[in-house]
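Breakdown of the fold
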Amino acid sequence: ILNVEQSPQSLHVQEGDSTNFTCSFPSSNFYALHWYRWETAKSPEALFVMTLNGDEKKKGRISATLNTKEGYSYLYIKGSQPEDSATYLCVLNSGYALNFGKGTSLLVTP
Amino acid sequence: EPEVTQTPSHQVTQMGQEVILRCVPISNHLYFYWYRQILGQKVEFLVSFYNNEISEKSEIFDDQFSVERPDGSNFTLKIRSTKLEDSAMYFCASSEASPRDYGYTFGSGTRLTVV
């Protein structure tokens with residue numbers, strides 16, 4: 001089991017604010033890192049799969065970076081909207097299983 | 001967009017009873033998984049399945065658990081004699097090929113409550 005830590009645990013921002021979360025993980029045993037967006041009572045939705053040190057990925061207003069040498073990834077949301085409210089999961093792929101962080105719960109209020 | 005479907009969404013069972021949780025993975029996916037999340041805790045890996053056999057399993061996946069792909073479309077998780085601590089949200093996932101590049105598609109989960 002690989003320990004994946006996410007911070008903050010929860011975040012409350014106003015509509016239009018930009019925000020970011022952190023995921024940290026053991027820098028060894030790295031295979032791939034996944035970010036998921038998870039709304040209550042729905043399936044986790046894949047945002048990004050990142051494999052290479054220095055990877056930067058973008059999907060609309062959401063982007064992510066990866067540093068495998070120091071063991072962290074950042075997820076950024078630019079101009080948060082109420083529909084961005086969800087739990088954002090960082091998941092480390094060890095090759096045969098996913099190791100989940102506890103997630104960052106984001107609430108965006110109008 | 002293709003989905004992973006899980007049924008039922010919520011199941012209540014008495015301690016000691018057998019339960020079967022059902023999943024229909026995406027049709028062209030080759031790798032299948034079960035994960036669970038006990039309330040307030042992290043999502044945990046249970047088992048992975050490929051080519052009609054278990055490829056990996058965690059310590060949680062003891063003799064009380066089994067998986068099956070009975071008909072080429074369903075993927076089931078059976079718990080033989082449920083315990084109170086088996087109460088959790090159980091997620092099925094599937095992957096087209098190597099999850100390194102494709103990631104996983106998750107179902108929306110089955111909430112199992114053991115009373």
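What counts as what
Residues numbered from 1 in each chain as written. Chains lettered and ligands numbered in written order. Predicted model: local features only at pLDDT ≥ 70, side-chain atom pairs only at ≥ 80, totals over all residues. Heavy atoms only, no water. Helix = DSSP H or I, 4+ residues; strand = E, 2+ residues; numbered from the N terminus. Buried < 20%, exposed > 50% of the residue type's maximum accessible area, 1.4 Å probe, protein only. Phe/Tyr/Trp six-rings, centres within 6.5 Å; stacked < 30°, edge-to-face > 60°. Disulfide = S-S within 2.5 Å.

1. Section: unusual backbone geometry
Omega for the peptide link from Ser7(A) to Pro8(A) comes to -5°, which places this bond in the cis form. Relative to the helices and strands, Pro8(A) resides in the loop between strand S1 (5-7) and strand S2 (10-14). The omega angle of the peptide bond from Thr7(B) to Pro8(B) is -10°, so this bond is cis rather than trans. Structurally, Pro8(B) can be placed in the loop between strand S1 (5-7) and strand S2 (10-13). With a phi close to 55°, Asn51(B) is a non-glycine residue in the positive phi region. Inspection of the secondary structure puts Asn51(B) in the loop between strand S5 (43-50) and strand S6 (53-57).

2. Observations regarding the environment of Asn28(B)
All names here are of chain B. Inspection of the secondary structure assignment puts Asn 28 in the loop between strand S3 (19-24) and strand S4 (31-37). Judged by relative accessible area, Asn 28 falls into the partly exposed class, the value being 46%. Here the alpha-carbon distance between Asn 28 and Ser 66, two residues 38 residues apart in the chain, equals 23 Å.

3. Concerning the packing of aromatic side chains
Summed over the entire model, instances satisfying the criterion amount to 17 aromatic pairs over all chains. Residues Tyr72(A) and Tyr74(A) carry aromatic rings whose centres are separated by 4.9 Å and whose planes lie at 35° to one another, so their mutual orientation is tilted. Using a relative accessible area of 23% as the deciding quantity, one classes Tyr72(A) as partly exposed. Among the residues examined, Tyr74(A) registers a relative accessible area of 27% and is labelled partly exposed. Between the aromatic rings of Tyr33(B) and Tyr35(B), the centroid separation amounts to 6.5 Å while the plane-to-plane angle is 40°, which identifies the pairing as tilted. Members of the aromatic cluster, joined through ring pairs, are Tyr36(A), Phe100(A), Tyr33(B), Tyr35(B), Phe45(B), Tyr104(B) and Phe106(B).

4. Digging into the state of the cysteines
By the definition in use, this model includes two disulfides over all chains. The partner cysteine of Cys23(A) in its disulfide is Cys90(A), sulfur to sulfur 1.9 Å. Because the torsion about its S-S bond is -65°, the bridge between Cys23(A) and Cys90(A) counts as left-handed. Here the residue Cys23(A) occupies a position in strand S3 (residues 19-24), and Cys90(A) occupies one in strand S9 (residues 86-93), the gap between them amounting to 67 residues. For the pair Cys23(A) and Cys90(A), one class covers both residues: buried. Cys23(B) shares a disulfide with Cys92(B); S-S distance 1.9 Å. Sign of the S-S torsion, about -65° for the bond between Cys23(B) and Cys92(B), identifies this disulfide as left-handed. Of this pair, Cys23(B) sits in strand S3 while Cys92(B) sits in strand S9 (residues 88-95); the two residues are 69 residues apart in sequence, bridging distant segments of the chain. The same class applies to Cys23(B) and to Cys92(B), which are both buried.

Function cannot be inferred from these measures alone, as they are strictly geometric.
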